Amino acid sequence: MHPAISLPTLIAHRGYSAAAPENTLAAVRAAHRAGVRWVELDVQLLGDGTPVIWHDADVARCSDGRGRLRRMTWSQTQTLDAGRWFGKAFAGEKMASLEDMLALLGALGMGVNLELKVNRGHDPIALVDRVLPSVLDALPAERFVLSSFDQTALRHSRTFAPANTLALGVLVNRLPKNWRTLCADIDAFSLHAHWGRLKPAQAEAVVQAGYALLCYTPNDPHAFHPLWAWGAASAITDEPEAFQRYLSAPVSAISR
């Protein structure tokens, strides 16, 4: 029913966002250097229709500028510094286009959980129409999962390709009572939940229903440890190297 996706234990949240400015090419390169095979990234549209890798509805938090994405053009965003806020070493880093990010992922042989970010005032249908053809053309089906909190975006995404060539993931905060319906509605591959709000029985039910369980955004590997036994497939984390060190430690050290 689904692409032959081998999900990694660790997925770097917005790239390696503890080591580089989030959602940038630099953050993806940092994840690759750390030995991480997959990253999680956000995509949305600028006012001129350009798909960009960005999380917030505006640019204030992660650049030296101000303004809402839905009122900006690509040329305007390229005047912004999207790296200096994180550290001097990243001064001059630019907002990444979807096109450039897909090229980098392809060159590095990395997989991606790409979130369709539908902020207030943005059109989910327009976002899918601009993003899906590029992603389907650029990456093999086994190297990406498309996720969203927006069910309209997910339903429209399914019209582009069947479940065996396009893996879709339902994003939730707390697991809603209708999660089975949400997943079945789009022939979902995975369910992505906030790790701290999951209960063991809920996690077990998701896995038993046949969905891969991806958990965001744990940064303490010791606190997250019980969720592996609950059936978590992947941890989407800002701190992949902390998890790597923890998971590679002797069992006796982990149990203390």
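Here is a short report on the structure shown in this document. (Residues numbered from 1 in each chain as written. Predicted model: local features only at pLDDT ≥ 70, side-chain atom pairs only at ≥ 80, totals over all residues. Heavy atoms only, no water.)

### What about the overall build of the chain?
The criterion, for reference: Secondary structure is summarised from DSSP: a helix means a run of H or I of at least four residues, a strand means a run of E of at least two, and numbering begins at the N terminus for each. Each radius of gyration reported is based on C-alpha atoms, and the globular scaling rule is 2.2 Å times the count of residues to the power 0.38. Burial status follows relative accessibility: with a 1.4 Å probe on protein chains alone, a residue under 20% of its type maximum counts as buried, one over 50% as exposed, and anything between as partly exposed.
When helices and strands are counted, the chain shows eleven helices and ten strands. The C-alpha radius of gyration computed for the chain amounts to 18 Å, which stays within 12% of the reference 18 Å derived for 256 residues, consistent with globular compactness. Taking the principal axes of the C-alpha coordinates as reference, the chain spans close to 50 × 40 × 30 Å. Sorting the 256 residues of the chain into buried and exposed places 54% on the buried side.

### Regarding the packing of aromatic side chains
This is how it is decided: Ring pairs shown here join Phe, Tyr and Trp side chains whose ring centres sit within 6.5 Å, with only the six-membered ring taken for Trp; geometry is labelled stacked below 30 degrees between planes, edge-to-face above 60, and tilted in between.
If you walk through the whole model with that rule in mind, you get seven aromatic pairs. When the centroid spacing of 6.5 Å and the interplanar angle of 90 degrees are considered together, the rings of F149 and Y216 count as edge-to-face. In this pair, F149 sits in the loop between β6 (144-148) and α5 (151-158) while Y216 sits in strand β9 (residues 212-216), placing the two residues 67 residues apart along the sequence. Residue F149 is classed as partly exposed on the basis of its relative accessible area, which comes to 46%. Through successive ring pairs, a cluster of aromatic residues spans W195, F224, W228 and F243.

### Structural notes on the environment of A60
Checked against the element boundaries, A60 lands in the loop between β3 (51-53) and α2 (74-77). By relative accessible area, A60 is classed as partly exposed at 35%.

### Some words on the pairing of β6
Consecutive side chains along a regular strand alternate between the two faces of the sheet. What counts, and what does not: Strands are treated as partners if at least two bridges between them are detected by DSSP. Orient the strands so they point away from the viewer; a crossover is then right-handed if the path from the first strand over the helix to the second runs clockwise.
In terms of residue burial, β6 counts as a mostly covered element, since five of its five residues are buried. With burial as the criterion, each face of β6 is covered, one bearing F144, L146 and S148 and the other bearing V145 and S147. Pairing geometry for strand β5 (residues 111-116) and β6, over four bridges, is parallel. Paired with V112 across the bridge in β6 is F144. On the question of chirality, the crossover connecting β5 to the parallel β6 by way of helix α4 (residues 124-138) is right-handed.

### Side note on helix α10 (residues 240-248)
Operational definition: Within this analysis, the arc is defined by the directions that extend from the helix axis to the C-beta atoms.
When α10 is considered as a whole, its buried residues turn out to be P240, A242, F243 and Y246. End-on view of α10: buried residues confined to an arc of 155 degrees, all on one side of the axis. Set apart from the buried face of α10 by more than 90 degrees, the exposed residues are R245 and S248.

### With respect to the pairing of β5
Along β5, six of the six residues are buried, which leaves the element largely enclosed by surrounding structure. Residues G111, N113 and E115 of β5 are buried on one face, and the alternating residues V112, L114 and L116, pointing to the opposite face, are buried as well. In the sheet, strand β2 (residues 38-45) pairs with β5 via six bridges, with the strands oriented parallel. Counted as the bridge partner of D42 is E115 from β5.

### Focus on a positive patch on the surface
Note the cut-off: What makes a patch is a set of residues exposed beyond 30% relative accessible area and free of salt bridges, joined within 9 Å when like-charged and within 5 Å when nonpolar (Val, Leu, Ile, Met, Phe, Trp, Tyr). Accessibility throughout is a Shrake-Rupley quantity obtained with a 1.4 Å probe, and a residue counts as covered only by protein chains that appear here. When a carboxyl oxygen of Asp or Glu is within 4 Å of a side-chain nitrogen of Lys or Arg, the pair counts as a salt bridge. Charged residues are defined here as Lys and Arg on the positive side and Asp and Glu on the negative side; His and the ends of the chain fall outside this count. Taken as the charge location is NZ of Lys, CZ of Arg, CG of Asp or CD of Glu.
Taken together, the side chains of R68, R70, R71 and R120 define a basic patch exposed on the protein surface. Locating R68 in the fold gives a position in the loop between β3 and α2. Looking at R68, the relative accessible area reads 38%, which means it is partly exposed.

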